There are 2 protein chains.
Amino acid sequence: MAQEFHALNERAQLLLKTLVERYIADGQPVGSRALSKYSGLDLSPASIRNVMADLEDMGFIASPHTSAGRIPTPRGYRFFVDTLLTVKPLDRIEINQLEGQLQINNTQKLVASASHLLSDLTRFAGVVVTPRRSSGFRHIEFLKLAEKRILLILVTAEGDVQNRIIQTDKTYTPSELVEAANILNQNYAGCSFDEIRRRVHAELKQVQEHMSQLMAAALAAGDQAVSESAEDVVISGEVNLLGIDDLSSNMTKLRDLFNLFEHRSTLLQLLDHSSRAQGVQIFIGGEAGLQPLDECSVVTAPYEVDGKIVGTVGVIGPTRMAYERVIPIVDITAKLLSSALTLR
Amino acid sequence: MAQEFHALNERAQLLLKTLVERYIADGQPVGSRALSKYSGLDLSPASIRNVMADLEDMGFIASPHTSAGRIPTPRGYRFFVDTLLTVKPLDRIEINQLEGQLQINNTQKLVASASHLLSDLTRFAGVVVTPRRSSGFRHIEFLKLAEKRILLILVTAEGDVQNRIIQTDKTYTPSELVEAANILNQNYAGCSFDEIRRRVHAELKQVQEHMSQLMAAALAAGDQAVSESAEDVVISGEVNLLGIDDLSSNMTKLRDLFNLFEHRSTLLQLLDHSSRAQGVQIFIGGEAGLQPLDECSVVTAPYEVDGKIVGTVGVIGPTRMAYERVIPIVDITAKLLSSALTLR
DNA sequence: GGCCAGCACTCATCGGGGGCGAGCGCCAAT
DNA sequence: ATTGGCGCTCGCCCCCGATGAGTGCTGGCC
């Protein structure tokens with residue numbers, strides 16, 4: 001009818017934009033009167049009602065009940081962020097401030113502080129998927145803790161340190177441990193553990209029996225250490241979401257949401273999606289396919305090391321969030337994290 | 001009057017006990033009728049009302065409003081747990097099951113799994129204060145990551161591994177790094193960093209300039225690593241508290257509570273209190289002096305290594321919790337943790 | 001054809017009032 | 001000392017009517 005081809009003319013777009021903005025700002029359904037006041041257009045509420053009716057027909061807005069104003073539907077939000085939204089990038093000064101907040105002691109702390117950064121700045125929940133790591137190692141070392149208890153220290157190719165305790169059948173002397181470490185360090189540094197396993201079998205047939213036992217234990221532990229620390233997601237600032245009345249009105253939903261946070265693997269799947277594409281991605285409401293998130297949006301951006309995407313940062317907050325603020329924050333955080341990781 | 005000297009005769013105690021038990025069981029104020037039915041005594045509601053009035057006078061119970069039953073006051077709970085409560089210890093089989101749940105890869109994981117254990121078993125929040133560690137080291141190592149970026153690996157006396165990256169002014173050769181590490185390992189293993197600092201100054205005046213720079217950096221980093229990892233509190237299962245209606249009715253209180261969880265230092269102070277005494281300790285309501293906890297109880301027990309208390313485990317839940325279940329769980333967890341740590 | 005003032009209509013929200021029921025305190029009787 | 005009985009107090013729930021925000025529609029104007 002009025003809006004042919006389901007296309008929005010300029011006026012309708014402007015009205016939708018101000019409607020979404022106003023709703024995001026104060027959380028109340030916005031009516032025709034408010035819209036006529038704030039749109040900048042010189043239209044009476046009555047005319048605006050016509051446009052609103054069209055927008056409702058097209059599924060961009062809806063009214064929670066008969067005599068309330070309209071609120072954006074997920075589709076309305078989608079259109080808003082895709083074509084209506086104007087983000088103002090952060091300025092240099094702010095960026096520099098942020099950069100100072102990132103701890104670069106080691107990867108764990110770096111990731112944790114990035115997550116905190118996100119949650120502090122947005123006052124929502126911050127999430128960071130820990131960087132994928134190569135399976136090789138840079139340095140390995142055995143340290144005798146007690147009889148038959150050996151501490152394995154493993155420095156990954158990325159310069160992170162893993163450690164675990166190995167229970168052995170036999171007792172090893174310190175020098176045997178050093179020797180074993182030397183063999184591994186000199187011949188196999190940089191290789192994956194699978195590869196090492198194959199080559200040790202092939203090349204070191206002559207190695208003493210008890211030595212190869214130690215090797216096997218080390219390799220198994222190494223495998224496990226690598227696989228355990230595979231990919232994880234670090235969340236912080238969940239508390240912030242308790243204050244959001246959009247979410248905390250439904251106690252059960254809120255609990256579902258927090259349960260989701262404990263379910264790392266599900267979250268991981270969602271966030272990994274985002275690491276396929278470049279740049280900031282936004283999941284609105286149930287778009288992610290997870291019920292607990294149906295009143296939430298997830299804003300994500302991948303981060304990279306040496307040009308390769310290795311993980312994802314993101315923010316989880318209510319669908320009614322200030323996207324124009326959150327988007328640049330997530331964007332910048334991803335970039336800062338990238339450069340902090342590339343540095344090492 | 002009836003109850004002289006503020007002492008409770010047997011009947012009053014029995015009634016108080018069943019009242020608390022019933023209230024804990026179903027969360028409703030319990031009235032005289034219910035009490036007459038469940039106490040086992042053959043008394044009419046009217047007689048019971050007399051006793052209840054006395055109990056109220058003495059501050060053990062109170063009614064939330066005129067025509068509701070009575071609920072225990074903090075003082076009532078206190079008396080209940082101190083003298084009325086009968087805990088049934090867990091049996092061997094259960095303990096063995098629990099023991100299997102504790103990961104003993106390394107201290108961090110051990111502590112984390114203890115915390116999970118507590119929250120899973122009680123369905124409340126589990127807390128563990130990480131073990132105090134001596135400030136000495138067992139082994140130290142430098143690894144060159146890049147020009148002027150050195151990875152410091154530090155094995156504590158307890159066999160835990162700390163690591164951090166040192167930015168240096170000068171470039172060091174791998175052999176210089178090995179040499180530096182050797183000096184430290186051979187001469188100073190087991191000493192505190194303060195002590196090392198003094199002795200290095202005194203004994204190694206002749207050490208080359210750039211070498212002592214490296215030493216200083218290492219010592220500073222070591223100090224920092226030790227102090228950073230000083231004492232921390234690991235919380236898990238906060239989500240469980242969302243389901244407790246005693247707590248989640250007051251949204252603001254709930255938020256305060258969760259904010260407290262983020263405020264590690266405050267929690268630490270509370271939990272450290274507990275590590276003064278032996279055995280299980282219980283803080284009821286505001287006894288800890290923290291408003292956010294006024295509807296909560298904290299059940300704690302210290303754990304030890306070689307007979308010395310090094311930390312605390314605990315459970316935070318609503319005051320209306322099944323103490324007879326929680327207490328042995330906390331107790332056992334502390335003991336399991338003690339032995340798991342002593343093992344290493 | 002676009003715009004708009006006016007009007008009837010809907011419906012969530014809020015405050016007040018009445019019935020209900022749980023539980024208590026008191027008292028007189030045993 | 002114990003107990004049945006009685007009156008009383010409140011919290012809870014439901015109903016109701018007033019209020020007000022916001023809509024859809026209509027008819028007239030440019």
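Residues numbered from 1 in each chain as written. Chains lettered and ligands numbered in written order. Predicted model: local features only at pLDDT ≥ 70, side-chain atom pairs only at ≥ 80, totals over all residues. Heavy atoms only, no water.

1. Details of the overall build of chain A
Next, step 1: When helices and strands are counted, chain A shows 14 helices and 10 strands.
Next, step 2: Against the globule reference of 20 Å for 344 residues, chain A gives a C-alpha radius of gyration of 27 Å, more extended than a compact globule.
Next, step 3: The dimensions of chain A, computed from C-alpha atoms along their principal axes, are 90 × 40 × 35 Å.
Next, step 4: A separation of at least 24 residues holds for 60% of the contacts in chain A among residues at least 6 apart in sequence.
Next, step 5: For chain A, the accessible surface area stands at approximately 16,000 Å², while carbon and sulfur atoms represent 50% of it.
Next, step 6: Of the charged side chains in chain A, 34 are positive and 41 negative, and the gap between their average positions amounts to 1 Å. (Helix = DSSP H or I, 4+ residues; strand = E, 2+ residues; numbered from the N terminus. Rg over C-alpha atoms; globule rule 2.2 N^0.38 Å. Contact = heavy atoms within 4.5 Å. Areas by Shrake-Rupley, 256 points an atom, 1.4 Å probe, with all protein chains shown as cover. Lys, Arg positive; Asp, Glu negative; His and termini not counted. Charge placed at Lys NZ, Arg CZ, Asp CG, Glu CD.)

2. With respect to the sheet that holds strand β5 (residues 149-156) of chain A
Residues and elements named next belong to chain A.
Next, step 1: Across the sheet, which stays open at both edges, the 3 strands sit in the order β4-β5-β6 with antiparallel pairing between neighbours. Of all the strands in the sheet, the pair left with one neighbour each is β4 (137-146) and β6 (161-167). Taking the axes of each pair of neighbouring strands and ignoring which way they run, one obtains an average angle of 20 degrees across the sheet.
Next, step 2: Across 8 bridges, β4 lies against β5 in antiparallel orientation. Across the sheet, Leu-143 pairs through a bridge with Leu-151, a residue of β5. (Pairing = 2+ DSSP bridges. Axes fitted to C-alpha atoms, helices over the stretch in contact; angles between N-to-C directions.)

3. Notes on the protein's contact with DNA strand C
Next, step 1: Taken together, 19 residues lie near DNA strand C, and Arg11(A), Ser47(A), Thr66(A), Ser32(B) and Arg70(B) sit nearest.
Next, step 2: Backbone sugar and phosphate groups make up 73% of those atoms of DNA strand C lying within 4 Å of the protein.
Next, step 3: Within the contact set of DNA strand C, a phosphate oxygen lies 2.7 Å away from a side-chain nitrogen or oxygen of Ser47(A).
Next, step 4: In this structure, Ser32(B) approaches DNA strand C through a side-chain N or O atom, which is 2.7 Å from a phosphate oxygen.
Next, step 5: Of all the elements in the fold, those that place two or more residues in the surface near DNA strand C are α3 (45-57) of chain A together with α3 (45-57) of chain B. (Near = heavy atom within 4 Å. Polar contact = N/O pair within 3.5 Å; in protein donor to acceptor, adjacent residues only side chain to side chain.)

4. Digging into unusual backbone geometry
Glycine aside, the phi torsion of most residues is negative, and most peptide linkages are trans.
Residues and elements named next belong to chain A.
Next, step 1: One non-glycine residue with positive phi stands out, namely Lys-148, at about 65 degrees.
Next, step 2: For Lys-148, the location among the structural elements is in the loop between β4 and β5.
Next, step 3: For Lys-148, a relative accessible area of 38% corresponds to the partly exposed category.
Next, step 4: Positioned with a positive phi, Asp-306 is a non-glycine residue whose angle comes to about 55 degrees.
Next, step 5: Take Asp-306: it is sitting in the loop between β9 (296-305) and β10 (308-318). (Buried < 20%, exposed > 50% of the residue type's maximum accessible area, 1.4 Å probe, protein only.)

5. Considering the relation of the copies chain A and chain B
Next, step 1: Note on the copies: chain A fits chain B at an RMSD of 0.1 Å, the axial shift is 0.0 Å, and the rotation between them is 180 degrees. This pairing of chains is accounted for by a two-fold axis. For chain A, the minimum C-alpha distance to the rotation axis belongs to Val161(A) and amounts to 4.1 Å.
Next, step 2: With an isologous cut-off of 70% or more, the 100% of interface residues of chain A that recur at the interface of chain B puts this contact in the isologous class. (Least-squares fit on C-alpha atoms with pLDDT ≥ 70 in both.)

6. So, the sheet that holds β10(A)
All names here are of chain A.
Next, step 1: If you walk across this open sheet you meet the 5 strands as β7-β3-β10-β9-β8, and the pairing is antiparallel. Since the sheet does not close on itself, it has two edges, and those belong to β7 (233-236) and β8 (281-284), each with one partner. Between one strand axis and the next, the sheet turns by 20 degrees as a mean value, whatever way the strands run.
Next, step 2: One ladder, built from 4 bridges, connects strand β3 (residues 125-129) with β10; its direction is antiparallel. Across the sheet, residue Val-128 finds its bridge partner in β10, namely Val-313.
Next, step 3: In the packing of helix α14 (residues 323-343) onto the sheet, contacts are made with β3, β8, β9 and β10, and the angle to β9 comes to roughly 25 degrees.

7. Notes on helix α4 (residues 74-84) of chain B
Next, step 1: Within α4(B), the full set of buried residues consists of Gly76(B), Tyr77(B), Phe80(B), Val81(B) and Leu84(B). In an axial view of α4(B), the angular spread of the buried residues amounts to 125 degrees, which keeps them on one side of the axis. (Arc of directions from axis to C-beta.)

8. Section: the domain arrangement of chain A
Residues and elements named next belong to chain A.
Next, step 1: Along its sequence, chain A is organised into domain 1 (4-84), domain 2 (92-132 + 231-343) and domain 3 (137-228).
Next, step 2: One C-alpha centre belongs to domain 1, the other to domain 2; they are set 29 Å apart.
Next, step 3: Residue-level contacts link 9 residues of domain 1 with 9 residues of domain 2.
Next, step 4: Together, the buried faces of domain 1 and domain 2 total about 750 Å²; carbon and sulfur atoms form 67% of this surface.
Next, step 5: When residues of domain 1 are sorted by the area they lose upon contact with domain 2, Ile-24, Tyr-77 and Arg-78 head the list and together hold 61% of the total.
Next, step 6: For the pair domain 1 and domain 2, the number of links is 4 residue pairs in polar contact (both at pLDDT 80 or more).
Next, step 7: Breaking the side of domain 1 that touches domain 2 down by element, the ones donating at least two residues are α1 (10-26) and α4 (74-84).
Next, step 8: When its residues are assigned to classes, the side of domain 1 that touches domain 2 shows 6 nonpolar, 1 polar and 2 charged. (Domains from an automatic or database assignment. Buried area = accessible area lost by both parts, 1.4 Å probe. Nonpolar A, V, L, I, M, F, W, Y, C, P; charged D, E, K, R; others polar.)

9. Some points on the nonpolar core
Burial of nonpolar side chains together is a common tendency in soluble globular proteins.
Next, step 1: By size, the foremost hydrophobic cluster in this structure holds 157 residues, and its most contacted members are Tyr323(A) and Tyr323(B).
Next, step 2: Ignoring any residue separated from it by four or fewer positions in sequence, one finds Tyr323(A) in contact with Ile24(A), Tyr77(A), Val81(A), Leu85(A), Ile282(A), Ile284(A), Ser297(A), Val299(A) and Pro328(A). (Core = buried A, V, L, I, M, F, W, Y, C linked by side-chain atoms within 4.5 Å.)

10. Here's the deal with the packing of helix α7 (residues 174-188) of chain B against helix α8 (residues 193-203) of chain B
Residue and element names in this part refer to chain B.
Next, step 1: At a minimum axis separation of 12 Å, α7 and α8 run at an interaxial angle of 110 degrees. Viewed along their axes, α7 and α8 adopt a mutual orientation that is roughly perpendicular. Listed contacts from α8 to Leu-184, Asn-187 and Tyr-188 of α7 are Ile-196, Arg-199, Val-200 and Glu-203.
Next, step 2: Here the residues of the contact of α7 with α8 sort into 4 nonpolar, 1 polar and 2 charged. (Parallel < 35°, antiparallel > 145°, perpendicular 65-115°, else oblique.)

11. A look at the pattern of salt bridges
Next, step 1: Taken as a whole, this structure holds 22 salt bridges over all chains when the rule is applied.
Next, step 2: Beyond isolated ion pairs, a larger network of salt bridges with shared partners links Arg78(A), Asp82(A) and Glu287(A). (Salt bridge = Lys/Arg side-chain N within 4 Å of Asp/Glu carboxyl O.)

12. Re the side chain of Arg70(A)
All names here are of chain A.
Next, step 1: By secondary structure assignment, the location of Arg-70 is in the loop between β1 (61-62) and β2 (71-72).
Next, step 2: Owing to a relative accessible area of 16%, Arg-70 belongs among the buried residues under this scheme.
Next, step 3: Within polar-contact distance, the side chain of Arg-70 engages the side chain of Glu-56 at 2.7 Å.
Next, step 4: Ignoring any residue separated from it by four or fewer positions in sequence, one finds Arg-70 in contact with Leu-19, Pro-29, Val-30, Met-52, Ala-53, Glu-56, Ile-61, Ala-62 and Ser-63.

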